[in-house]
Amino acid sequence: MENIFDIKTEHDFLAASLKTFRYQYDSVEVYRKFVDYLNINPEEVDSLDKIPFLPIEMFKNHQILDKNISTDLFFQSSGTTQMNLSKHFIADENIYQESIYKSFDQFIGKPEDFIFLGLLPSYLEKQNSSLIYMVDYLMKKSDKPENGYFLYNHEDLYKLLNELKDKKVILFGVSFALLDFLDFCNSNSQTLQFSNTLTVIETGGMKGRKEEMTKDELLVILQEGFKTSKIYSEYSMTELLSQAYSLGQNEYQCPNWMRVFMRNVEDPFSYEKEGKTGAINIIDLANVHSCSFIATQDLGKIVGDKFQVLGRIDHSDIRGCSLLVS
């Protein structure tokens, strides 16, 4: 399992997934109880579609953790104080860091080549955010003096972006904050004059601050406002240690140690064909010491070797990492 980042083929992925399944059945009590409750014999699980996916809500009420591990480090989902928030306990920071680095490198480039800016007010204002940890780590690897975060100081961000014109800049931003920033620019008749050296990576989330819109509508607004075609998206969540990236078309790609499937909304043990909307199941082999097989509350569909995120299942809790409803 320590070689998950070396996975190259589907055969490699299947072998690693089955090995991880058996390890977590033995070592993660909550997952073992879940599998037993379904009357599934782990010895008969010999393909990906036979692996049971743990409902993501279990992270709200249970500690999903390898019995061989003791740790005080955890990430916590965003939300209101009235919500019962998910906690993901992290046994090995090095696995998360390697996942961050190699996913970013696979889809965007070496972190060392970029300046990183963060417009993530709702996450900076809370503790134990996996997103802030990720951006912090990328900033550390970049080691550029211009790296930094912005809350609501839009004028400072505007000035810095223009000072960094023609440099390779990554701006991570929660959706509502990016739109607020463009509103600031428009209200002050300020236009960004960037070439294609700026890449904006939106992380989803309106938080009730903005009117909901489709992902395609959001991408058009951001492309026009920031004057760049490089409006990317990152898909992950508190309960995962890996990230999928969309490079501009609302079509996400998984790193080699992660896979996405679409389950039938009414029958969680059957799967939808390519192009049909379903609920997203994720295999994240970086979750070796928690649970690698997660049934989310997000809706999506498979498109070739990529996937789209279309919104959320009705009545599920609002999550900071959830993307826009289409």
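Residues numbered from 1 in each chain as written. Predicted model: local features only at pLDDT ≥ 70, side-chain atom pairs only at ≥ 80, totals over all residues. Heavy atoms only, no water.

### Let's talk about the packing of helix 1 (residues 10-27) against helix 2 (residues 29-37)
Thinking step 1. Where helix 1 contacts helix 2, the axes come no closer than 6 Å and their chain directions differ by 100°. In terms of orientation, helix 1 lies roughly perpendicular with respect to helix 2. In this structure, helix 1 contributes Phe21, Gln24, Tyr25, Asp26 and Ser27 to the contact, and helix 2 contributes Glu29, Tyr31, Arg32, Val35 and Asp36. (Axes fitted to C-alpha atoms, helices over the stretch in contact; angles between N-to-C directions. Helix = DSSP H or I, 4+ residues; strand = E, 2+ residues; numbered from the N terminus. Parallel < 35°, antiparallel > 145°, perpendicular 65-115°, else oblique. Contact = heavy atoms within 4.5 Å.)

### Section: the pattern of salt bridges
Thinking step 1. Throughout the structure, instances matching the rule amount to 10 salt bridges.
Thinking step 2. Residue Lys50 pairs with Asp46 through a salt bridge whose shortest N-O separation is 3.0 Å.
Thinking step 3. Residue class for Lys50 comes out partly exposed when judged on its relative accessible area of 42%.
Thinking step 4. The exposure class of Asp46 is partly exposed, given its relative accessible area of 47%.
Thinking step 5. Among the ionic pairs, Asp105 bridges to Lys110, the shortest N-O distance being 3.1 Å.
Thinking step 6. Asp105 sits in the partly exposed class, given a relative accessible area of 28%. (Salt bridge = Lys/Arg side-chain N within 4 Å of Asp/Glu carboxyl O. Buried < 20%, exposed > 50% of the residue type's maximum accessible area, 1.4 Å probe, protein only.)

### Things to note about helix 7 (residues 154-163)
Thinking step 1. When helix 7 is considered as a whole, its buried residues turn out to be His154, Leu157, Tyr158, Leu160 and Leu161.
Thinking step 2. Structurally, helix 7 contributes buried residues whose contacts are with strand 4 (115-119), strand 5 (148-150), strand 6 (169-173), helix 8 (175-187) and strand 7 (198-202).

### What to know about the packing of aromatic side chains
Within a pair of aromatic rings, the relevant descriptors are the distance that separates the centres and the angle that separates the planes.
Thinking step 1. One pass over the structure, following the stated rule, counts 22 aromatic pairs.
Thinking step 2. Ring centres of Phe75 and Tyr133 lie 5.4 Å apart, and the angle between their planes is 65°; on these two criteria the pair is classed as edge-to-face. You can see Phe75 sitting in strand 2 (residues 74-76) and its partner Tyr133 sitting in helix 6 (residues 130-142), a full 58 residues away along the chain. No difference in accessibility class separates Phe75 from Tyr133, as the two residues are buried.
Thinking step 3. One aromatic cluster is present, formed by Phe21, Tyr25, Tyr31, Phe53, Phe261, Tyr271 and Phe293 through successive ring pairs.
Thinking step 4. It is Lys87 that lies over the ring of Phe74; its NZ or CZ is 4.5 Å from the centre. (Phe/Tyr/Trp six-rings, centres within 6.5 Å; stacked < 30°, edge-to-face > 60°. Lys NZ or Arg CZ within 6 Å of the ring centre and 35° of its normal.)

### Observations concerning the pairing of strand 8 (residues 231-235)
Side chains on a regular strand alternate between the two faces of the sheet.
Thinking step 1. Across the five residues that make up strand 8, a large majority, five, are buried.
Thinking step 2. Residue alternation in strand 8 divides its side chains into two sets, Ile231, Ser233 and Tyr235 and Tyr232 and Glu234, and both sets are buried.
Thinking step 3. Across three bridges, the pairing between strand 7 and strand 8 is parallel. Looking at the pairing, Val200 lines up with Ile231 of strand 8. (Pairing = 2+ DSSP bridges.)

### A closer look at the packing of helix 7 against helix 8
Thinking step 1. Interaxial distance between helix 7 and helix 8 falls to 10 Å at its minimum, and their mutual angle equals 80°. As far as their axial angle goes, helix 8 and helix 7 are roughly perpendicular. Of helix 8, the residues touching helix 7 (which contributes His154, Glu155, Leu157, Tyr158 and Leu161) are Ala177, Asp180, Phe181, Phe184 and Cys185.
Thinking step 2. When the residues that make up the contact of helix 7 with helix 8 are grouped by side-chain class, the tally is seven nonpolar, one polar and two charged. (Nonpolar A, V, L, I, M, F, W, Y, C, P; charged D, E, K, R; others polar.)

### With respect to the confidence of the model for the chain
Thinking step 1. Here the chain shows a mean pLDDT of 89. Residues at 70 or above account for 91%.
Thinking step 2. Note on residues 316-326: pLDDT is under 50 here. Beyond four places in sequence and across chains, it has 45 contacts. (pLDDT = per-residue confidence, 0-100.)

### A closer look at the state of the cysteines
Thinking step 1. Scanning the entire structure with this criterion turns up zero disulfides.
Thinking step 2. Cysteine Cys291 is unpaired, with the sulfur of Cys254 as its nearest cysteine sulfur at 16 Å. (Disulfide = S-S within 2.5 Å.)

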